[in-house]
Amino acid sequence: MALLTAPVVAAVLLLTWAAYGEADYVLYKDATKPVEARVSDLLARMTPAEKIGQMTQIERQVASPQVLKDYFIGSLLSGGGSVPRKQATAAEWVNMVSDFQKASLSTRLGIPMIYGIDAVHGHNNVYGATIFPHNVGLGATRDPNLVKRIGAATALEVRATGIQYAFAPCIAVCRDPRWGRCYESYSEDHRIVQAMTELIPGLQGDVPPGFTSGMPYVAGKNNVAACAKHFVGDGGTQNGINENNTIIDRQGLMNIHMPAYLNALQKGVSTVMISYSSWNGIKMHANHDLITRFLKDRLNFKGFAISDWEGIDRITSPPGANYPYSVQASILAGIDMIMVPNNYQSFISILTSHVNNGIIPMSRIDDAVTRILRVKFTMGLFENPMPDSTMADQLGKKEHRDLAREAVRKSLVLLKNGKTSDKPLLPLSKKAPKILVAGSHADNLGYQCGGWTIEWQGDTGHITVGTTILDAVKAAVDPSTTVVFAENPDAAFVKNGGFSYAIVVVGEHPYTETRGDSLNLTIPEPGPSTVTTVCGAVPCATVLISGRPVVVQPFLGAMDALVAAWLPGTEGQGVTDVLFGDYGFTGKLPRTWFKSVDQLPMNYGDAHYDPLFPLGFGLTTQPRTY
């Protein structure tokens, strides 16, 4: 055989290198290519097991790097109170997420997992995070820009722990305060809820010019994927019973409960969570008409629909009674990712069987996985899958706490000021010789923050880093003022104490979801007794900590001033900023305040509308000049 000349050898080598280059080139890993091309390329490479794994979200407590690798798990989450350890640092969160992510990246195709968490009023699972007022308080501010800034701050704190996905905002329109999730709703008025969808561009970043409504969008690694929830009608259940049946015609559903979803899609929300509730007897988790035909087809939603926690189990009664049917009904309805969250082996096995037996077509699986991958590519998860440990200083930073303090003072609604209008009690004097602070909620950070704080149901005491209202009072008054704290003083103590005035802080104890359902809406003792005792003996300003309007009419006459402070979070100074007149009261009721629970449900515009305080009510004060 003749020897090859040098130019020929060079040509052969070039062709060989080119062939190797093409073999190594993988389109879905090329960040310069369009998202849809990357999605299609990756989907074509996936096995059924890899696809079904992407549709599975499991709780961190049942996860391990090996589980992620063996089952190709697409998503993890922390449920309420599920943490690496109590009071875990940002670094510990980052290390945990990193270990999980490394396992996902080590799989055959290296698809990164996405980690979700209920960051619903700040990064509320995490010790030391800034806890903002719950949504009902933000609704009282009427300030969408404030809510957007809160979204941006929350995104930074969530990213500080390595997490990329927040199950927020709740855009329920709560029509009955007896519902245990009413504080997660911005208002009974869908227009206020629509305005507050500005949390979404806060969390995700502003969509670019010419953006197509319905496409998912996350600006970059300082942002997180958001989740509009709970689709749809969760705030309209009968008697406010959590997860119950919303009985309303289609026009009513579309006019009251649906509008905020249109705003959410216009702002690029990445995911939509399906509601536990039913609409006219049909479980939302099995509602193909609303999830697929309306949300996906008509509204052009291209992100992914996710179930709620064990939401598909509750398609049957009792929950889990026919799990194979629940898997079939939910996937065929159009849910793309299932928050399992624990029995992932059973879910994966059943879904695999349904696909193999033709009960669920592969086209439905491909649609679900396309949507999940679209979100992951859009948010840059393939380019930046690992947590950024340099962001740890974002958790609970001063600028975020200052923002939360601003939110608190703008959320306060002044319902009464003075026994007569010409003798207002507020603003209070900082230079009074001696004042009394009383009430179960005056020095209890857990009560001040409410549910969804550190623990799922919230907790009592100094549960995280923050400032109680008592601490804030002591910091606000003149050094010469004596501040006396008595949680539940007797009448003689108050009468003989020589107090210029009293601040009484009482309210609801923390609750979440069904445990918060209440048919009587009374605040627990000794709250009412403390109000009666203190206000009967000395001029008093009552600060009410609650997730909703509660019964106040029986003792309203005894109070000199009444402030609805909602669930303000960790920054108690926001309350004293306004009580002492550094800022004026500006908040407006986001909800109708009833006279009696017998009137419920009662919303603005109803024929029988006869409130104690109407939607939008709120007295104002001017800042005190010193």
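Residues numbered from 1 in each chain as written. Predicted model: local features only at pLDDT ≥ 70, side-chain atom pairs only at ≥ 80, totals over all residues. Heavy atoms only, no water.

## A look at the UniProt feature "domain: Glycoside hydrolase family 3 N-terminal" (unreviewed entry) in the chain
The condition is simple: UniProt positions are given in the numbering used here, feature names are shortened, and annotations may be inferred rather than shown by experiment. Elements are defined by DSSP. Helices are runs of H or I of four residues or more, strands are runs of E of two residues or more, and each kind is numbered from the N terminus.
Annotation from UniProt places "domain: Glycoside hydrolase family 3 N-terminal" (unreviewed entry) at residues 50-375. Along residues 50-375, the helical share is 40% and the strand share 10%, with 17 Å between the first and last C-alpha atoms.

## Observations regarding the pairing of strand 1 (residues 56-59)
The condition is simple: Between buried and exposed lies partly exposed: a residue is buried under 20% and exposed over 50% of the maximum accessible area for its type, with that area taken using a 1.4 Å probe on protein chains only. At least two DSSP bridges between two strands are required for those strands to pair. The handedness rule is simple: strands pointing away from the viewer, and a clockwise path from the first strand over the helix to the second, make the crossover right-handed.
Side chains of strand 1 alternate between two faces, with Thr-56 and Ile-58 and Gln-57 and Glu-59 buried alike. The sheet contact formed by strand 1 and strand 11 (residues 338-339) spans 2 bridges and is parallel. Its bridge partner lying in strand 11, Thr-56 is registered against Ile-338. Sheet analysis places strand 1 next to strand 2 (residues 75-78), joined by 3 bridges and oriented parallel. Within the sheet, the bridge partner assigned to Gln-57 lies in strand 2 and is Ser-75. A crossover links strand 1 with its parallel partner strand 2, the connecting element being helix 4 (residues 65-71), and its sense is right-handed.

## Regarding the sheet that holds strand 3 (residues 114-117)
Here is the rule we go by: It only takes one pair of heavy atoms within 4.5 Å for two residues to be counted as in contact. Angular values range over 0 to 180 degrees, each being the angle between N-to-C directions of two axes fitted as lines to C-alpha atoms, with helices fitted over their stretch in contact.
Within the open sheet, the 5 strands sit side by side as 4-3-2-1-11. Their pairing is parallel. Only two strands of the sheet have a single neighbouring strand rather than two, namely strand 4 (165-166) and strand 11. By the bridge criterion, 2 bridges tie strand 3 to strand 4 in an arrangement that is parallel. Note on strand 4: the bridge partner recorded for Ile-117 is Ala-166. Across the sheet, helix 5 (residues 90-105) lies against strand 2 and strand 3, angled at about 140° from strand 3, the strand it touches most.

## Some points on the environment of Ala-476
As for its placement among the helices and strands, Ala-476 is situated in helix 18 (residues 469-476). In this structure, the C-alpha to C-alpha distance between Ala-476 and Lys-302, residues 174 residues apart in sequence, is 50 Å. Sequence-distant contacts of Ala-476, defined by excluding residues within four places in its chain, comprise Lys-430, Thr-576 and Phe-580.

## Thoughts on the pattern of salt bridges
Threshold: Criterion for a salt bridge: a side-chain nitrogen of Lys or Arg within 4 Å of a carboxyl oxygen of Asp or Glu.
Under the definition given, this model contains 33 salt bridges. Across the pair Asp-367 and Lys-296 runs a salt bridge, and its minimum N-O distance is 3.6 Å. Of the two residues, Asp-367 is situated in helix 15 (residues 362-378) and Lys-296 in helix 12 (residues 288-298); the sequence distance between them amounts to 71 residues. Its relative accessible area of 27% is what places Asp-367 among the partly exposed residues. The class for Lys-296 is buried, based on a relative accessible area of 3%. Beyond isolated ion pairs, a larger network of salt bridges with shared partners links Lys-296, Asp-336, Arg-364, Asp-367 and Arg-371.

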